2 protein chains.
Amino acid sequence: MKVRRRIYQSNLPLDEALKKWQAFLNRISPTEEETVAVSDSLGRVTSRAVFAKISSPFFHSSAMDGYAVRFNETFGASETNPLKLKVPEQAVPVNTGEPLPDGFNAVIMVEDVHQEGKFIVIHSPVTPYQHVRTVGEDIVQTELILPENHLIGPVDIGAMLAGGNTEVYVRRKPRITIIPTGAEIISPGEELTKGKIIDSNSYMIGAMVRQWGGEWIRDEIVPDDVDLLKEHLQKAVEHSDAVVIIAGTSAGTKDFTSHVIESMGEIILHGVSIKPGRPIILGSINNKGIIGLPGYPVSAFITFELFAKGLVYRLLGMEPDPRDTITAYLSRSVHSSLGHDEFLRVKIGKVTDRYIATPIRRGAGALMTLQRADAIVHIPAMNEGIAANTAVQAQLLKSIREIEGTIVCIGSHDNALDILANQLKKRYPAFSLSSAHVGSMGGLMAIKRGEAHIAGTHLLDESSGQYNIPFIEKLLKDVDLQLINLVYRQQGLIVKKGNPKGIRSIEDLTRKDVIFINRQAGSGTRLLTDKCLRDKGIRPEDIHGYDREEYTHMGVASAVASGVADAGMGILTAAVALGLDFIPVAKERYDLVVPVKYLEMPQIEALISIITEDREFKSMVQNLGGYDTSDMGKVVFEQRR
Amino acid sequence: MKVRRRIYQSNLPLDEALKKWQAFLNRISPTEEETVAVSDSLGRVTSRAVFAKISSPFFHSSAMDGYAVRFNETFGASETNPLKLKVPEQAVPVNTGEPLPDGFNAVIMVEDVHQEGKFIVIHSPVTPYQHVRTVGEDIVQTELILPENHLIGPVDIGAMLAGGNTEVYVRRKPRITIIPTGAEIISPGEELTKGKIIDSNSYMIGAMVRQWGGEWIRDEIVPDDVDLLKEHLQKAVEHSDAVVIIAGTSAGTKDFTSHVIESMGEIILHGVSIKPGRPIILGSINNKGIIGLPGYPVSAFITFELFAKGLVYRLLGMEPDPRDTITAYLSRSVHSSLGHDEFLRVKIGKVTDRYIATPIRRGAGALMTLQRADAIVHIPAMNEGIAANTAVQAQLLKSIREIEGTIVCIGSHDNALDILANQLKKRYPAFSLSSAHVGSMGGLMAIKRGEAHIAGTHLLDESSGQYNIPFIEKLLKDVDLQLINLVYRQQGLIVKKGNPKGIRSIEDLTRKDVIFINRQAGSGTRLLTDKCLRDKGIRPEDIHGYDREEYTHMGVASAVASGVADAGMGILTAAVALGLDFIPVAKERYDLVVPVKYLEMPQIEALISIITEDREFKSMVQNLGGYDTSDMGKVVFEQRR
């Protein structure tokens, strides 16, 4: 096998790339039209103007309960000279909505007449068409109801039907064929073995196509074979309006894609200076758009939105709406490389009256970071970074209501937090708990900086043996807060099932045949590890793997389960979840820090009610194993200035 | 037939009504769950938490192109003491994305090695798992991917699949049965005769249900028959999660609805003090929500959104998002009756840097006003009105992008404007022309007040015989503007086909057997009418129907076509459109006023390019009949201070 270096044929700045692509889009036409029933036209786009075929109302009707009369028979009526009209010859009883009898042209309200046998008595003349809903009062025949290129909504459907239209010309839904490629790619549900990757990208971007109003077809997975890819691409171009080729995440397939597109049509550009998403390929075959999408899921998402959305909308004859944005303030500085537009995933929390954007992990392969993100911040290419507290425009991935109902929890991870997040959403659909796992110390700093509403922490103070409180008194001395216990939990060494290396204590970590997996600096578990090592007089450099850090207990457990490491410090629950063995080291207290100013937020009240009162929650946590919930919800410390 | 007065059993303030309804909603449960393929779950709502079944990545893979090595075989390598590793026993070539061979635990980048025959030479040791994408780096097995009650989006689909889930538990889509009632109601496509009304409401609100994530079934139309309605309601309750009964617009049916609901279950409330939408009925049968919706389309829309949205979302286990709002400034004062919450339809224009909200017509039956509206302004019950220039919260019916791309055109109506609106949207999908028809004078005032970007005007100055310019010099003397000709057009008397009343001139309007239909004060056509009357010495009070006003030419033509009137002043085009006869009176100039400050807005530039350059547009206008387009696009007057 030959080791290749990737070569991008060009590396265009984003704005130039968008301009080149737009020039191509301007050359392609919207899809042809088809007729659909108006009743079935929600979300479709008109391909012709829709005019009213009839007026609405279609006839004169009474706007009141009363009597229909002829206005010229009411002349001369007054208080001093009342007039009698004969029922039904001169005055016909009508209810609201009923048509006026032929020849009648006004309505007198029932309140304004006296009944006298077969007559009604009136005291004033009426004006023509008084209290009458006349023909065309709402819609006038021939009136424009909808222009061409209009996205049809519920009210449009009502108006078209009321205007006598039962069918409407709309653009055929653009059909996008998605071809996943790469010998390592398998379909969801197929047996997953080492070296294989599930094709989740096709379905993610297919759903995006559907959201934009198009249809998508997933082609078979095409392994790394130029001729086969050509064959598939040929067929796809014939049967669809645009084609997306998703590159495998391995290096080879990308070269195939550009080679194949070039041999059948034209490459518009290959490589854009953005992060993530640099290896995007845009081309055309027979004047149909061809997109070569990077295989890493975050790159796929970002580039698909940047380039494919405009394509689908163009095919529909529409202009895409940009994402809603809000002004948010960066909670910490962000470095970015000059010359690249970067799309930064952030979490957003409304803390006091400001939206605070906290950057999250950047890897192009980390789909969960995108799933957890609330917004994307675009850092332009000429910036080397953005300083903390800078106002930025955050493009929302969630609704403002959702973001405002979200509790931002930053700090140490615990599996009980996942259960808590689910229980909150279950009991209070408007609220969410969104966790970022940066360790206990990171959580306290996030509270200090106003980035988070709550923080999970389990920091052991070496000298006092106390949990959390000494750190709060040092780091958060200016913050009024409550410290609420969530659980006590068992920490220890997580080792492989059956403990094949016979690890029995901290001392075994120094063995040459043992690889350790550590937690990141600032995490409570790291403090615990370091304390144990110091107690035993072990130097970190004597432990293999000490400098490799995971950010969660499950990350540590997973590293052990998969063979990356032989042992790591973590909680019993994580070991139990993955069927691993566990050597107990310490029982520790895991608390939540909640500043007093947030206690009255409805979502925080809801969260605390679950911790203190929800029996289902308590028993679900107990079922995880390794937890002592006896103090759950207890305020273990309160600080007020 | 008995004339009844409508009686509302109560007339609750809106907030109390919402509270009562919410109390009921809190008692009902979400729909039961079902499983769907993850690939088909877009827009569905989770009924259980989704956890990762596998880690992603599922294996250790190289994050770089290079060589996989065992880290402990690299100890001691340095610049002065390079180390040789044998290929492939100690160093296996790997491309990005490829799995690490068993037992290998780090990667050296290809750039960092020398190849020497069957060996590679390295100059520094590596750390464990350097340049390796480890198992679970993205998703860790057992991790919470989605909580319960989560609306599934494209990224969620990707994450679920990547986490090994191919099926997901979701809530069954709530099924809402809609029963249209009223003997006067017919289905779209059925023959429309006098007294009949097309059921457009069912389809409008059905589309709303679909937008919210539910399904809807339209029942047969039930005429005004208590027993039949009971029968239908009974079946609907059995087969659906909630039922909507749409009242006919005639008075009788409403009483049926509340009577029938009461006999089968419970009325929660009947009548809410809102405008429009007062006669809403909310009830329950077997703990299922029953909504009796008013028959007027705007009332139906407003009340359905107020009360049914929460119901559908509750059935889905979600909380509805409120509409996006913006702060806008009222262009004129609005009066509102104390004691009613009013929902005012407004048009919004971004004029200079402010959003200006201009109230439009209020009738509950005017669906087109809702279709044309950009937003709804809620006037609370304790307000008697809102003064001009007051900042209000406008709940958007369209996207901000759409609103910002909209040209607000206020003034005189002309059919050529409809053609222009369509052509603009066709050529420039991002832009719209939205017209409000308030007459020429109203248009000039709208320009003066900054409510409109352009105004259509055809005002004849009696003394000079000049069109438009004298009025501009008087009313808009402080505004830099251009006056651009759109068309010359023929004004005259529109009369019935065959002219059965033998109307030949203005003088005939005074005849006892002739009913006139007038245009509103301030319209150019009204000025023309009044000038003609003065020229002939005719007093307005001698004309029957002089005080009945229509707002558009088509409104006048429609009034004549339907028999409301025998004659009205209007343009030839309107007569032609409805197949009416026409007696010419004058040829007049119809111009557009465009303030200079708007000339460089891209949508105004686009509009002017269509007027000046688009041949298709010109020929479409000519085809309407009655137009002289010889000066189309000519700047007939320019005013700069």
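Residues numbered from 1 in each chain as written. Chains lettered and ligands numbered in written order. Predicted model: local features only at pLDDT ≥ 70, side-chain atom pairs only at ≥ 80, totals over all residues. Heavy atoms only, no water.

*Asks:* I'm lost on the environment of B:Ser240 in this one. Help?
*Replies:* Residue and element names in this part refer to chain B. With respect to the helices, strands and loops of the structure, Ser240 is situated in the loop between α4 (226-239) and β17 (242-246). Residues Ser240 and Gln520 lie 280 residues apart in sequence; the distance between their C-alpha atoms is 49 Å. Residues within four places of Ser240 in sequence aside, it is in contact with Arg175, Thr177 and Lys288. A polar contact is formed between the side chain of Ser240 and the side chain of Thr177, at a distance of 2.8 Å. Polar side-chain contacts of Ser240 include one of 2.3 Å to the backbone oxygen of Ala236. (Helix = DSSP H or I, 4+ residues; strand = E, 2+ residues; numbered from the N terminus. Contact = heavy atoms within 4.5 Å. Polar contact = N/O pair within 3.5 Å; in protein donor to acceptor, adjacent residues only side chain to side chain.)

*Asks:* Looking at this structure, how should I read the side chain of A:Glu588?
*Replies:* Residue and element names in this part refer to chain A. Positionally, Glu588 belongs in strand β36 (residues 581-595). Among the polar contacts listed, one links the side chain of Glu588 to the side chain of Arg489, at a separation of 2.7 Å. Reaching out from Glu588, the side chain makes a polar contact with the side chain of Gln491 at a distance of 2.8 Å. Apart from residues no more than four positions distant in its own chain, Glu588 is found in contact with His458, Tyr467, Val487, Tyr488, Arg489, Gln491 and Leu528.

*Asks:* Before we go on, may I ask you to explain the packing of aromatic side chains in this structure?
*Replies:* Residues and elements named next belong to chain B. Tallying each qualifying case throughout the model produces 10 aromatic pairs over all chains. Ring centres 5.4 Å apart and planes at 20° place the aromatic pair Trp212 and Phe304 in the stacked group. In this pair, Trp212 is assigned in helix α3 (residues 201-212) and Phe304 in helix α6 (residues 297-316), connecting sequence segments 92 residues apart. Exposure remark for Phe304: the relative accessible area of 1% places this residue in the buried category. When the ring centre of Tyr329 is taken as reference, the NZ or CZ atom of Arg354 above it lies at 3.6 Å. (Phe/Tyr/Trp six-rings, centres within 6.5 Å; stacked < 30°, edge-to-face > 60°. Buried < 20%, exposed > 50% of the residue type's maximum accessible area, 1.4 Å probe, protein only. Lys NZ or Arg CZ within 6 Å of the ring centre and 35° of its normal.)

*Asks:* How do you make sense of the confidence of the model for chain A when you look at a structure like this?
*Replies:* Predicted coordinates in regions of low pLDDT should not be interpreted in detail. Residue and element names in this part refer to chain A. Mean pLDDT over chain A: 91, with 97% of residues reaching 70 or higher. Considering only residues more than four positions removed or in separate chains, one finds that residues 1-8, a stretch of pLDDT under 50, has 22 contacts. The ipTM assigned to the predicted complex is 0.89, against a pTM of 0.89. (pLDDT = per-residue confidence, 0-100.)

*Asks:* Would you mind going over the nonpolar core with me for this structure?
*Replies:* Judged by nonpolar contacts, the single largest core of 64 residues is most densely connected at A:Ile145, B:Trp21, B:Ile205, B:Val244, B:Ile291 and B:Phe304. Broken down by element, the residue count for this core peaks at 12 residues, all from α6(B). Not counting chain neighbours up to four residues away, the residues in contact with A:Ile145 comprise A:Val50, A:Phe51, A:Ala52, A:Ile139, A:Ala159, A:Met160, A:Gly163, A:Asn165, B:Met368, B:Gln371 and B:Arg372. Counting residues in each nonpolar core, the second largest holds 63 residues, with A:Leu25, A:Ala242, B:Ile139 and B:Val155 among its members. (Core = buried A, V, L, I, M, F, W, Y, C linked by side-chain atoms within 4.5 Å.)

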